[in-house]
Amino acid sequence: MDFERTFDIGTDLVSDLDFARVRQWKDQHPGGAVIGYFPVYAPAEIIHAAGMLPVALSGGGDRLDIQHADARFGSFICSIIKTTLEMGLREHLTVFDGVLFSSICDSARNLCFVMKRNFPALYTDFLHLPHNPSSAASIDFLASEYRRLIQELERMGGRPVTAEALNESILLYNRNRQLTRDLYRFRCQNPHLLRAWESYVLVRAGNVIPVEEHNQLLQDALAQLPSRSGRPRDSIRIVAEGAFCEQPPLDLIKLVEDVGCYVVDDDFAIGRSWFVEDVPTEDDPIHALAESYVNRAVYSSVRHDFRAPRWEGLATKVKQARADAVLFLIAKFCEPAYFDYVLFKKKLDEIGVPHLLLEFEEKQFTFDRVRTEVETFVESLVFD
Amino acid sequence: MADVRHTEYRGNIHQLQKELMQKWYERLNQAAETGTPHTASLMISGNCVELLEAFGVVPIYPEVNALQLAIRHQSLDPILAAEEIGYAADNCAYVKADIGCYLKGITPTGGKLPKPSLVLCNFVGCNTYVKWFEHTAVLTGSRLYVLDVPFLRLDEPSRDDIDYVVRQLKELVTILENITGKKFDYDRFVQAVRCSAQVEELWSQIKHLARRSPSPFDAYFDAITLMGPLYVYRATPEGLNFFRAALDEMQAKVAAGQGVFDQEKFRLVIEGPPPYPFFRTFRDMFAKWKACTVASTYSTVGGLWEFGARHDPDHPFESVAMHMLAQNVTNRNFLQRYEQIGRYVKDWNADGLIIHFVKSCRLFSAGQGDMRDYATRTLGIPTLYIESDLEDPRYFAEAQTRNRIDAFFEALEHSKMTATAV
Ligand code: SF4
Ligand code: SF4
């Protein structure tokens, strides 16, 4: 197959609201269950070890009209909350046997229980991820939360999650995250050979296909990319920050690069590179996963670690990516991102890194204003 | 056509409440000026004030400061000051008002507020709490401790949930020992927990008096008056005296057959926080129709005791943990809130439900459209859904809100009349 087609396939995968590939997996695995999870973070390793398919839900993109969910969630609520519910109400989620939510924000928290009421046949659960990493108790607590999840999955007919099975899954996901990091590194070093939207669809495709296949896809891409041709453009290097949950439209990511930016790092689909180092494989892999959440997870506006402030994480990211500026891409009404913007901005001002704030909605078709803003920003940097 | 009337609470406890809160602000002022007593910022919901009381540490509740400011029509300036440094139009305005006050040196009484010895984030369900206190710690340079309370995702907290919270409470004891230089006085802690249990019993009895018709007080507007002492003084003898006086006063009203309205026409349940910047205006919109709130979810932010839960001096740490985990509306899940409303409607004999969506607070408001669906279809209760804000005066559309409330009561009146006719 022509390698360039990979990006089209990736685009199709991320825009498919009917989860055709997930249905295909289910046909091939009679009795197999599919567990969706609200994006950002979920212990996919555990779902995988139970013989189930973990699928990250990433909203409805720009292909879903909201007909019912507005009446349930009203004003001032981000779009992904509504499109997720809408997908359920419009029967796009029938392939799922369960959905998981976690303590990322108040809107998602309430959505979990609205889903539970509206779809009683679906196993709907909420994982409490700890907010106090400085307490030794948080690892034990999270391990107990994971054990509770395992019981639920086993009750649903999942395979017994043995230490061996879980360690195998951890290795597969470690590999997946390593390949994702490699892809990001490649793009950071060669932004003229891999555009941000291309890397985005490659990575996000992992949300809906089995990890084994995704590893293969990333591995093939990494093998092919260096031989791609492309001439360096006259662009400024930016880090995109803030779109860790609701995802920006593909056209918006393209536009940012079209008007003179290289997006050399970003937090899109952040759950796919959640751990910054490998999760260790040990006799008690549940503990290893819990300990990794507390000690080796990526910073994010919805994960709280007061030992390592997030604004320091952003500053390090900017430095490592040799970025000239930061572009805050924040989903409209995403309160965690709005809050972090204040302290991120303060830090960037202190270290003299220029930044621009753009709000987006997953369903957005006109980008004229955004284009002008980014163009002006780029010009101000170029002529500085 | 119903006549227009204004209401205000006419009892003694309103005055008593004012004095108590004034005294609290004086202590905070003293702390700011002299460095004693030690203080800790904490959140109203699921607070562990008993542990602070054991050390003589005075709580600072930024939420109480913020709402005081809004009631006095002073919240907009600080909100704008916070927006100037980057807070968004859609961030919780409580946070913006509080941060703005800090930036501009404003306090609710004009007195001083101390730099807290500890910024103690009791994280009970509201993710905004975590951000807010992180920002406060950055701004003030105070030490931050986040006490992580697992969300009530199951019917009851699990043993693991309770152990997790208890372990953190014990870590907090060590932190408080270091800050105050005092050894933890277990007996004083038990005493504080005992006090809370008694106050909770009194508060619960008061709430149950609203099941009478006419109700002696409004379980939304008047309950809010009683809530300040509930947070600040719950674990102290002063709190106990206050709530004894409150119960006596209410019982006397019941005995005399007095209600908020002599002829109570409608009995309501209200869900969601009030529009503090228009508190009186909003109240009058209901008073006009002689509509009395008999139960409200907002008055259970600090604690949900009317269904029997209490602190327990025989298990002080576990019961503080249980309070944080399960006995406050913010850490309970959305469907448990539906259930709570359902119980109110039935046991408090309500004829209508008002859902007040506040844009600041996604914890309360996200999904209230689904709640309306539940209320009308499953509970079969006439429901009115209105939108504004609890702190930001820019989101209160007075004429529109009044029209919708009038239309709701007109319809309710009509259906009551038709029902009687049948
Ligand atoms: S986009 Fe932001 S506000 Fe919306 S669900 Fe995700 S984290 Fe919550
Ligand atoms: S979001 Fe709601 S509960 Fe949280 S601090 Fe704001 S008003 Fe309070």
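Just above sits the structure.
Throughout, a residue's number is its position along its own chain's written sequence, starting from 1. Key to labels: chains lettered from A, ligands numbered from 1, both in the order written. Local features in this predicted model are restricted to residues of pLDDT 70 or higher, and side-chain atom pairs are both shown and tallied only at a pLDDT of 80 or more, whereas totals for entire chains, interfaces and linings draw on every residue. As a rule here, side-chain values cover all heavy atoms of the structure and leave hydrogens and water aside.

### Re the site of ligand 1
Here is step 1: Any residue with at least one heavy atom within 4 Å of a molecule or strand is counted as near it. Around ligand 1, the neighbouring residues are Phe38, Cys78, Ile80, Ile81, Ile104, Cys105, Phe244, Cys245, Glu246, Phe333 and Cys334 of chain A.
Here is step 2: Note on residue categories: nonpolar means Ala, Val, Leu, Ile, Met, Phe, Trp, Tyr, Cys or Pro, charged means Asp, Glu, Lys or Arg, and polar means any other residue, Gly included. Here the shell around ligand 1 is composed, by residue class, of ten nonpolar, no polar and one charged.

### Details of the pairing of strand S6 (residues 261-266) of chain A
Residue and element names in this part refer to chain A.
Here is step 1: Summarising burial for S6: six of the six residues are buried, a large majority.
Here is step 2: The pairing criterion for strands is at least two bridges between them, as found by DSSP. What counts as a helix is a DSSP run of H or I of at least four residues, what counts as a strand is a run of E of at least two, and both are numbered from the N terminus. Relative to S6, strand S5 (residues 236-241) runs parallel, the two being bridged by five bridges. Bridged to Arg237 within S6 is Tyr262.
Here is step 3: When the strands point away from the viewer and the path from the first strand over the helix to the second turns clockwise, the crossover is right-handed. With helix H11 (residues 250-258) bridging S5 and its parallel neighbour S6, the resulting β-α-β unit is right-handed. Burial classes follow relative accessibility: with a 1.4 Å probe on protein chains only, a residue under 20% of its type's maximum area counts as buried, one over 50% as exposed, and anything between as partly exposed.

### Here we look at helix H12 (residues 316-326) of chain B
Given 3.6 residues to a turn, an α-helix orients residues that are three or four positions apart in the same direction.
Here is step 1: Here H12 of chain B lies mainly inside the structure; nine of its eleven residues are buried.
Here is step 2: Looking at the packing, one finds that the buried side of H12 of chain B touches helix H2 (49-55), strand S3 (118-123), strand S4 (143-148), helix H7 (159-180) and helix H8 (186-209) of chain B. Residue contacts are counted whenever heavy atoms from the two residues lie within 4.5 Å of one another.

### Brief notes about the packing of helix H5 (residues 93-104) of chain B against helix H6 (residues 127-140) of chain B
Residues and elements named next belong to chain B.
Here is step 1: The axes are straight lines fitted to the C-alpha atoms, using for helices just the contacting stretch, and the angles between their N-to-C directions are given from 0 to 180°. Two elements in contact, H5 and H6, have axes separated by 10 Å at closest approach and are oriented at 5°. As judged from the angle between their axes, H5 and H6 are roughly parallel. Where H5 approaches H6, its residues Tyr94, Val95, Asp98, Ile99, Tyr102 and Leu103 are matched on the opposing element by Thr128, Trp132, His135, Thr136, Leu139 and Thr140. Comment on the angle field: the value is read as roughly parallel under 35 degrees, roughly antiparallel over 145, roughly perpendicular from 65 to 115, and oblique elsewhere.

### Focus: the pattern of salt bridges
Here is step 1: In the sections that follow, a salt bridge refers to a side-chain nitrogen of Lys or Arg positioned within 4 Å of a carboxyl oxygen of Asp or Glu. As enumerated under the stated definition, the model contains 58 salt bridges over all chains in all.
Here is step 2: We note a salt bridge from Glu134 of chain B to Arg310 of chain A, for which the minimum N-O separation is 2.5 Å. Note that Glu134 of chain B is positioned in helix H6 and Arg310 of chain A in helix H13 (residues 310-320), a pairing that runs across two chains. You'll find Glu134 of chain B and Arg310 of chain A in the same group, each marked buried.
Here is step 3: Between Glu335 of chain A and Arg362 of chain B there is a salt bridge, with the nearest N and O atoms lying 3.2 Å from each other. With one member in each of two chains, Glu335 of chain A in helix H14 (residues 335-351) and Arg362 of chain B in helix H14 (residues 362-365) form a pair that bridges those chains.

### Some words on the sheet that holds strand S3 (residues 98-102) of chain A
All names here are of chain A.
Here is step 1: In spatial order, the strands read S2-S1-S3-S4; together these four strands make up an open sheet with parallel pairing. Looking along the sheet, the strands with just one partner apiece sit at the ends: strand S2 (53-56) and strand S4 (123-127). The average undirected angle you get between the axes of adjacent strands in this sheet is 25°.
Here is step 2: Inspection of the sheet shows S3 paired to S4 by five bridges, in the parallel sense. Bridge pairing in S4 places Leu100 opposite Asp125.

### Considering the nonpolar core
Here is step 1: Grouped together as the largest cluster of nonpolar side chains are 293 residues, with contacts concentrated most on Phe19 and Tyr146 of chain A together with Trp24, Leu169, Tyr298 and Phe409 of chain B.
Here is step 2: Once residues within four sequence positions are removed from consideration, Tyr146 of chain A is found in contact with Tyr41, Pro43, Ile46, Leu129, Ile286, Leu289, Ala290 and Tyr293 of chain A.
Here is step 3: Residues belong to one nonpolar core when they are buried, are Ala, Val, Leu, Ile, Met, Phe, Trp, Tyr or Cys, and are joined through side-chain atoms within 4.5 Å. Leu69, Ile79, Ala97 and Cys101 of chain B belong to the second-largest nonpolar core, a separate cluster that totals five residues.

### Some thoughts on the packing of helix H1 (residues 5-15) of chain A against helix H9 (residues 196-204) of chain A
Residue and element names in this part refer to chain A.
Here is step 1: Closest axis-to-axis distance for the H1/H9 pair is 8 Å, and the angle between their directions is 60°. Relative to H9, H1 is oriented oblique. At the point where H1 passes H9, the crossing takes the left-handed sense. Contacts from Thr6, Phe7, Gly10, Thr11 and Val14 in H1 reach Trp197, Glu198, Val201, Leu202 and Arg204 in H9. In a left-handed crossing the near helix is turned counterclockwise from the far helix by less than a right angle, and in a right-handed crossing that turn is clockwise.

### Some details on the interface of chain A and chain B
Here is step 1: Across the boundary between the two partners, chain A contributes 49 residues, which contact 56 residues of chain B.
Here is step 2: Carbon and sulfur atoms make up 57% of the surface buried where chain A meets chain B, a total of about 4600 Å² over both sides.
Here is step 3: Run the count over chain A and chain B and you get eight salt bridges.
Here is step 4: Within 3.5 Å is the distance limit for a polar contact, defined as a pair of N or O atoms, with the added protein rule that one can donate a hydrogen and the other accept it, and that residues adjacent in sequence qualify only through two side-chain atoms. Counting every contact that joins chain A to chain B gives 29 residue pairs in polar contact (both at pLDDT 80 or more).
Here is step 5: For the side of chain A that touches chain B, the elements supplying multiple residues, two or more each, are helix H4 (69-73), helix H6 (106-118), helix H7 (137-155), H13 and H14 of chain A.
Here is step 6: For the side of chain A that touches chain B, the leading source of residues is H14 of chain A, giving ten residues. Two parts lose some accessible area (1.4 Å probe) when they are put together, and adding that loss for both gives the buried area.

### What about a nonpolar patch on the surface?
Here is step 1: Patch criteria: residues need more than 30% relative accessible area and no salt bridge. Like-charged residues are merged within 9 Å; nonpolar side chains of Val, Leu, Ile, Met, Phe, Trp and Tyr are merged within 5 Å. Accessible areas in this description were obtained via Shrake-Rupley with a 1.4 Å probe; residue shielding takes into account the shown protein chains only. There is a patch of nonpolar side chains on the surface, built from Ile85, Tyr102 and Leu103 of chain B and spanning about 260 Å² of accessible area.
Here is step 2: Along the chain, Tyr102 of chain B turns up in helix H5.

### Quick word on empty space enclosed by the protein
Residues and elements named next belong to chain A.
Here is step 1: Cavities and pockets were defined on a 1 Å grid built over protein atoms only: a cavity is a set of grid points that admits a 1.4 Å probe from which the probe cannot escape, a pocket is an open set flanked by protein on both sides within 12 Å along at least five of seven lines, and lining residues are those with an atom within 4 Å of any such point. Grid points are joined across faces, edges and corners, and a volume is the space filled by probe spheres set on the points. If you walk through the whole model with that rule in mind, you get six cavities of 30 Å³ or more.
Here is step 2: Quantified by volume, the largest cavity comes out at close to 200 Å³.
Here is step 3: Lining the largest cavity we find 24 residues, and of these Cys105, Asp106, Cys334, Glu335 and Pro336 sit closest to its centre.
Here is step 4: Approximately 110 Å³ is the volume found for the second largest cavity.
Here is step 5: Taken together, 13 residues make up the lining of the second largest cavity; nearest its centre are Val14, Phe19, Ser58, Arg204 and Val208.
Here is step 6: Across the lining of the second largest cavity, the residue classes tally to eight nonpolar, three polar and two charged.

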